[in-house]
Amino acid sequence: MRIPILKLHNYLLVSIQIDLDDQTAIEFQEDLLSKIHKSGATGVVIDLTSVDIIDSFIAKVLGDVVSMSDLMGAKVVLTGIQPAVAMTLIDLGIHMQNVPTALDLEQGLIKLRQELEE
Amino acid sequence: MSKTQSCVHIKKEWDIVGARQMGREKAKELGFGTVNQARIATAISELARNIYLYAGTGKISYEVVNDMNKLGLKIIASDDGPGIADISKSMEDGFSTSGGLGAGLPGVKRLMDDFDIESEEGKGTTITAIKWVRK
């Protein structure tokens, strides 16, 4: 199963709405990087509102995709992390400190605009 | 003490998702709240991935435990894999032999209430973890 990646002006928007297995997560990583490359997008929002579990593997894939996109020159913001997911990640010992986050899609777009226009 | 048991066999990567979904369902049935459902599902995901990565195959069993006045969900992750050479090292934060985040076992211990690990090199590993329903 492929996760759809939508283009909006200079941004890419992704809403993850399925229970991510490892293979889908890795494919998503590749798809997003190649879409950034093809579209020349400068910002990406990955919305996790519908994701109710992030384990250490998925967290690593998401953290890596942020660093990889950064290398290519695109800023990524993760949005909509649920309270239960945030609590579980901290219990697991995963802090994702270098990953930009925002409350929801709207705040994520504002954050991207601020980061990219300054 | 009454118990009902069921299990999910871990043979392919997708079974990791199957195992945690089953865990979440059981947790919901037992009356766990959303946060503890997420903790249980995440713990199962870590345990199932360990089986898949290190042992290849194994199983996750679910047991409802009714101990005195306490109700809980017991997760048993068992495999006949290579076993863990140094258990105390595997329980250190940040230790991993697979290039993962190393959040595995110590993370699972923090997510659950009771945690027990038995492993013998060359014979396999059994990890038992329980989450109690808070009244």
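Residues numbered from 1 in each chain as written. Chains lettered and ligands numbered in written order. Predicted model: local features only at pLDDT ≥ 70, side-chain atom pairs only at ≥ 80, totals over all residues.

## Some remarks on the nonpolar core
Next, step 1: Counting residues in hydrophobic clusters, the biggest one holds 59 residues, and the most contacted among them are Val44 of chain A together with Ala43, Ile44, Leu47, Ala48 and Ile75 of chain B.
Next, step 2: Ranked by residue count, the leading element in this core is helix 2 (residues 34–55) of chain B, at nine residues.
Next, step 3: Residue contacts for Leu47 of chain B: discarding those within four places in its chain leaves Ile60, Ile75, Ala77, Val108 and Ile127 of chain B. (Core = buried A, V, L, I, M, F, W, Y, C linked by C-beta atoms within 7 Å. Buried ≥ 20, exposed ≤ 12 C-beta atoms within 10 Å, placed from the backbone. Helix = DSSP H or I, 4+ residues; strand = E, 2+ residues; numbered from the N terminus. Contact = placed C-beta atoms within 7 Å.)

## Examining the packing of helix 1 (residues 22–39) of chain A against helix 2 (residues 56–72) of chain A
Residue and element names in this part refer to chain A.
Next, step 1: Running from amino to carboxyl end, helix 1 crosses helix 2 at an angle of 10°, the nearest separation of the two axes being 10 Å. One way to sum up the angle between helix 1 and helix 2 is to call them roughly parallel. Side by side, helix 1 and helix 2 meet where Asp22, Ala25, Ile26, Gln29, Leu32, Leu33, Ile36 and His37 of the first sit next to Phe57, Ile58, Val61, Asp64, Val65, Met68, Ser69 and Met72 of the second.
Next, step 2: Class assignment of the residues belonging to the contact of helix 1 with helix 2 gives a composition of 11 nonpolar, three polar and two charged. (Axes fitted to C-alpha atoms, helices over the stretch in contact; angles between N-to-C directions. Parallel < 35°, antiparallel > 145°, perpendicular 65-115°, else oblique. Nonpolar A, V, L, I, M, F, W, Y, C, P; charged D, E, K, R; others polar.)

## Observations concerning the sheet that holds strand 1 (residues 5–8) of chain A
All names here are of chain A.
Next, step 1: Judged by pairing direction, the sheet is mixed, and its five strands sit side by side in the order 1-2-3-4-5 without closing on themselves. Every interior strand has two partners, whereas the edge strands, strand 1 and strand 5 (101–102), have only one.
Next, step 2: Looking at chain direction, strand 3 (residues 43–47) and strand 4 (residues 75–79) are connected through five bridges and run parallel. Opposite Asp47, over in strand 4, you have Thr79 as the bridge partner.
Next, step 3: Here helix 4 (residues 105–117) sits on the sheet in contact with strand 2 (11–15), strand 3, strand 4 and strand 5, set at roughly 155° to strand 4. (Pairing = 2+ DSSP bridges.)

## What to know about the UniProt feature "domain: STAS" (unreviewed entry) in chain A
Next, step 1: Per the UniProt record, "domain: STAS" (unreviewed entry) is found at residues 1–112 of chain A.
Next, step 2: The span residues 1–112 of chain A is 47% helical and 19% strand by assignment, and the distance between its end C-alpha atoms comes to 28 Å. (UniProt positions renumbered as here; feature names shortened; annotations may be inferred.)

## Focus: the environment of Glu92 of chain B
Next, step 1: For Glu92 of chain B, the position within the fold is in the loop between helix 3 (87–90) and helix 4 (104–111).
Next, step 2: C-alpha of Glu92 of chain B to C-alpha of Gln21 of chain B: the two residues are 71 residues apart in sequence and 27 Å apart in space.

## Considering the interface of chain A and chain B
Note on interface size: it is often stated as the accessible area lost on association of the parts.
Next, step 1: Taken together, the contact pairs 19 residues of chain A with 24 residues of chain B.
Next, step 2: Of all the secondary structure elements, the ones that give two or more residues to the side of chain A that touches chain B are helix 1, helix 2 and helix 3 (83–92) of chain A.
Next, step 3: For the side of chain A that touches chain B, a count of residues per class yields eight nonpolar, four polar and seven charged.

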